[in-house]
Amino acid sequence: MSTTIRTQVAIVGAGPSGLLLGALLAQAGVDAVIIEQRSPDYVLSRIRAGVLEQGTVELLERAGVGQRLHREGLPHEGFELCFGGQRHRIDLQGLTGGKRVVVYGQTEVTRDLMDERRKRGLVTHYGCEDVAVHDFDSAHPRVTFDHEGAAFELRADFIAGCDGFHGVCRASVPAKALTLHERVYPFGWLGVLSRTPPVAEELIYSNHERGFALCSMRSHSLSRYYVQCSLSDCVDQWSDDRFWDELRARLDPAAAAQLVTGPSIEKSIAPLRSFVAEPMRFGSLFLAGDAAHIVPPTGAKGLNLAASDVHYLSTALIEHYRDHSSAGIDDYSARCLARVWKASRFSWWFTSLMHRFEQTELSGGPIGFKLQQAELEYLVQSPAAMTTMAENYVGLPF
Ligand code: RFL
Ligand code: PHB
């Protein structure tokens, strides 16, 4: 016997997509229940994104979680490209008519959304097992799951699949209804979080013969750094000393001299992938965020794409309940995918420009490196090219 629960929107996954959707629906009086397989602490322990586009910031404000973000987030008006031993600034604000990004960790976004949900008394079931979605080709979809030893059935009008790349929602769609596009890159990112002041005020993206490096941050006293590594590497092979030496070697002499090192408080390796599943709606099941698409992190677009999906989805569902209109629901997939493909293109391009590729790749080896240097030189000398880059980095409108 299972216990039946009823809601308007069943949300699978309490990552940023699911929590943000829940918050926007709650603002409009639409009832939603979130089902998450992990614990709150586990969700909060995942160190991921750091850069929020202005559109994402505005959406978080609308969801009622803008206060701490404005207090503690670091507005960035530009970033630096490093190559040939020198740094070149990309003036985001000047090139885009005043737009900028905010550095604020995904962990903090998640924490703010969780706190808001708790304050409003909204229901999230953490630690759910055997989560399964059913009947989404009908108007009566269901989610079944086990929670603390008891079986539950959640009946809803719609299911939002916000359960990330490895989730159950996309995997439940019949293969013939889906087209999958995928590229796996032949390297990974080794990331380190350390309680040290960031090497510079702005982010540094470095193209170096030894491989890509990125200097980012979470605050004035917390740094986040990445180096391109081999896919076969494991974290144990990377002592803190080895990491700092490698990062220093990939920076310009001035930044290398400035780098403050310290013990790592988190260290992990992430593979890089471009992935898009089409379409993003199947009857009463909608996919949003990493459940539908993955971009390599070079362009800082993953979380921001999750936010634009959630904007389209929340608008569509609110219109459905408030105006009895199915227009937003019918257009959901096409509207999301138009933006997803543009961000995927930018992320792929920036990844291709900044990383060292093997000799075996089409544009790899020494000639590939030379071509990258030529493109980077062109980029920092051409206002048109820099504007294109800045426009994409701050985020296309949604
Ligand atoms: P998430 O965050 O993966 O959350 C999905 C949630 O669903 C749960 N789940 C299930 N729940 C119930 N039943 C099941 N069967 C379930 N299966 C899974 C999971 O436990 C999880 O809680 O997806 P979401 O919400 O779509 O959010 C996407 C973002 O997390 C992701 O796009 C970004 O982190 C990507 N990303 C970046 N994005 C940016 O916009 N800017 C950045 O600077 C940036 N940097 C990054 C990144 C991702 C990285 N990694 C590790 C991939 C840097 C890195 C290193
Ligand atoms: C991060 O701070 O984790 C970060 C920043 C920019 C990126 C990717 C990750 O492009």
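For the structure, see preceding data.
One structure accompanies this document, and this report is about it. Just so you know, these numbers come straight off a predicted model, no measurement behind them.

Focus: the overall build of the protein
The number of helices and strands found in the protein is 13 helices and 21 strands. Relative to a compact globule of 398 residues, whose C-alpha radius of gyration would be 21 Å, the protein shows 21 Å and is just as compact. Overall, the protein is about 65 × 40 × 40 Å in size when its C-alpha atoms are taken along their principal axes. In the protein, of all internal contacts separated by at least 6 residues, the share reaching a separation of at least 24 is 72%. When the accessible area of the protein is evaluated, it comes to approximately 17,200 Å², of which 51% is carbon and sulfur surface. Each charge sign in the protein was given a centre, from 39 positive and 47 negative side chains, and these centres are 1 Å apart.

Observations concerning the site of ligand 2
Surveying the vicinity of ligand 2 reveals 14 residues, the closest of which are Tyr205, Ser216, Arg218, Tyr226 and Pro297. At 2.6 Å, a side-chain N or O of Tyr226 approaches an oxygen atom of ligand 2. At 2.9 Å from an oxygen atom of ligand 2 is found a main-chain nitrogen or oxygen belonging to Pro297. For ligand 2, whose accessible area on its own is 280 Å², the fraction buried by protein is 97%. When the residues that make up the shell around ligand 2 are grouped by side-chain class, the tally is 8 nonpolar, 3 polar and 3 charged.

A closer look at the sheet that holds strand β21 (residues 293-294)
Two modes of strand pairing occur in sheets, parallel and antiparallel, and in both the strands are linked by backbone hydrogen bonds. Spatially, β7-β6-β15-β16-β17-β14-β18-β21 is the arrangement adopted by the 8 strands of the open sheet, whose pairing is mixed. If you trace the sheet from one side to the other, it starts and ends with β7 (86-90) and β21, each paired once. Strand direction decides the pairing type here: strand β15 (residues 204-206) and strand β16 (residues 213-219), joined by 3 bridges, are antiparallel. In the strand pairing of β16, Tyr205 is matched with Leu214. Across the sheet, helix α8 (residues 240-249) touches β14 (179-194), β16, β17 (222-229) and β18 (264-278), and the angle it forms with β17 is around 80°. Helix α12 (residues 365-381) rests against β6 (79-83) and β7 of the sheet, and its axis sits at about 140° to β6.

Observations regarding the pairing of β6
It is a general feature of regular strands that their side chains alternate between the two faces of the sheet. Most of β6 is tucked away: 5 of the 5 residues are buried. Both faces of β6 are covered, namely the face carrying Phe79, Leu81 and Phe83 and the face carrying Glu80 and Cys82. Note that β6 and β7 share 5 bridges and pair antiparallel. Looking across to β7, one finds that Leu81 is bridged to His88. In textbook terms, the turn of a hairpin is the stretch between consecutive antiparallel strands, and for β6 and β7 this stretch comprises 2 residues, one of which, Gly84, has a positive phi near 55°. Bridge count between β6 and β15: 3 bridges; the pairing is parallel. The residue bridging Leu81 from the neighbouring strand is Tyr205, located in β15.

Thoughts on the side chain of Gln228
With respect to the helices and strands, Gln228 occurs in strand β17. Residue classification places Gln228 among the buried positions, given a relative accessible area of 8%. For Gln228, the side chain forms a polar contact with the main-chain oxygen of Arg356, separated by 2.8 Å. In this view, Gln228 contacts Phe187, Gly188, Gly211, Phe212, Arg250, His355 and Arg356; residues no more than four positions away in its chain are not counted.

Some points on the site of ligand 1
Not every one of the 32 residues close to ligand 1 is listed here, only the nearest: Ser17, Glu36, Arg46, Gln106 and Leu303. Sorting elements by how many residues they give to the shell around ligand 1 places helix α10 (residues 302-323) first, with 3 residues. Its residues assigned to classes, the shell around ligand 1 shows 14 nonpolar, 11 polar and 7 charged.

A few points about the packing of helix α1 (residues 16-27) against helix α3 (residues 54-62)
Interaxial distance between α1 and α3 falls to 9 Å at its minimum, and their mutual angle equals 50°. On the basis of the axis angle, α1 is oblique to α3. Side by side, α1 and α3 meet where Leu20, Leu24 and Gln27 of the first sit next to Leu59, Leu60 and Arg62 of the second. The class makeup of the residues in the contact of α1 with α3 is 4 nonpolar, 1 polar and 1 charged.

What about α1?
For α1, spanning 12 residues, the distance from its first C-alpha to its last is 16 Å, which sits close to the expected 16 Å at 1.5 Å a residue. Burial of α1 is extensive: 11 of the 12 residues sit out of reach of the surface. The complete set of buried residues in α1 reads Pro16, Ser17, Gly18, Leu19, Leu20, Leu21, Gly22, Ala23, Leu24, Leu25 and Ala26. The secondary structure elements touched by the buried residues of α1 are β2 (9-12), β3 (32-35), α3, α6 (106-119), β13 (158-161) and α10. Count one or two residues on from α1 and you reach Gly29, which has phi positive near 80°.

Structural notes on the environment of Leu272
In this structure, Leu272 sits in strand β18. Using a relative accessible area of 1% as the deciding quantity, one classes Leu272 as buried. Along the chain, Leu272 and Val184 lie 88 residues apart, while their C-alpha atoms are 6.2 Å from each other.

What about the nonpolar core?
Counting residues in each nonpolar core, the largest one holds 75 residues, and the members touching the most others are Ile11, Leu20, Leu25 and Val143. No other element matches the 9 residues that α10 contributes to this core. Leu20 has contacts with Leu59, Leu60, Ala63, Leu113, Ala307 and Val310, leaving out every residue within four places of it along the chain.

Observations concerning the pattern of salt bridges
Inspection of every chain in the model, using the stated rule, returns 26 salt bridges. The partner of Asp252 in a salt bridge is Arg87, and the shortest N-O contact between them spans 2.9 Å. Here Arg87 lies in strand β7 and Asp252 lies in the loop between α8 and α9 (253-258), a separation of 165 residues in the sequence. Overall, the relative accessible area of 27% leaves Arg87 in the partly exposed class. Arg142 is paired through a salt bridge with Asp135; the nearest N and O atoms lie 3.0 Å apart. One network of salt bridges, with partners in common, ties together Arg68, Glu72, Glu108, Arg111 and Asp112.

Here is what the cut-offs are and how they apply
- Residues numbered from 1 in each chain as written.
- Chains lettered and ligands numbered in written order.
- Predicted model: local features only at pLDDT ≥ 70, side-chain atom pairs only at ≥ 80, totals over all residues.
- Heavy atoms only, no water.
- Helix = DSSP H or I, 4+ residues; strand = E, 2+ residues; numbered from the N terminus.
- Rg over C-alpha atoms; globule rule 2.2 N^0.38 Å.
- Contact = heavy atoms within 4.5 Å.
- Areas by Shrake-Rupley, 256 points an atom, 1.4 Å probe, with all protein chains shown as cover.
- Lys, Arg positive; Asp, Glu negative; His and termini not counted.
- Charge placed at Lys NZ, Arg CZ, Asp CG, Glu CD.
- Near = heavy atom within 4 Å.
- Polar contact = N/O pair within 3.5 Å; in protein donor to acceptor, adjacent residues only side chain to side chain.
- Nonpolar A, V, L, I, M, F, W, Y, C, P; charged D, E, K, R; others polar.
- Pairing = 2+ DSSP bridges.
- Axes fitted to C-alpha atoms, helices over the stretch in contact; angles between N-to-C directions.
- Buried < 20%, exposed > 50% of the residue type's maximum accessible area, 1.4 Å probe, protein only.
- Parallel < 35°, antiparallel > 145°, perpendicular 65-115°, else oblique.
- Expected span 1.5 Å × (residues − 1).
- Core = buried A, V, L, I, M, F, W, Y, C linked by side-chain atoms within 4.5 Å.
- Salt bridge = Lys/Arg side-chain N within 4 Å of Asp/Glu carboxyl O.

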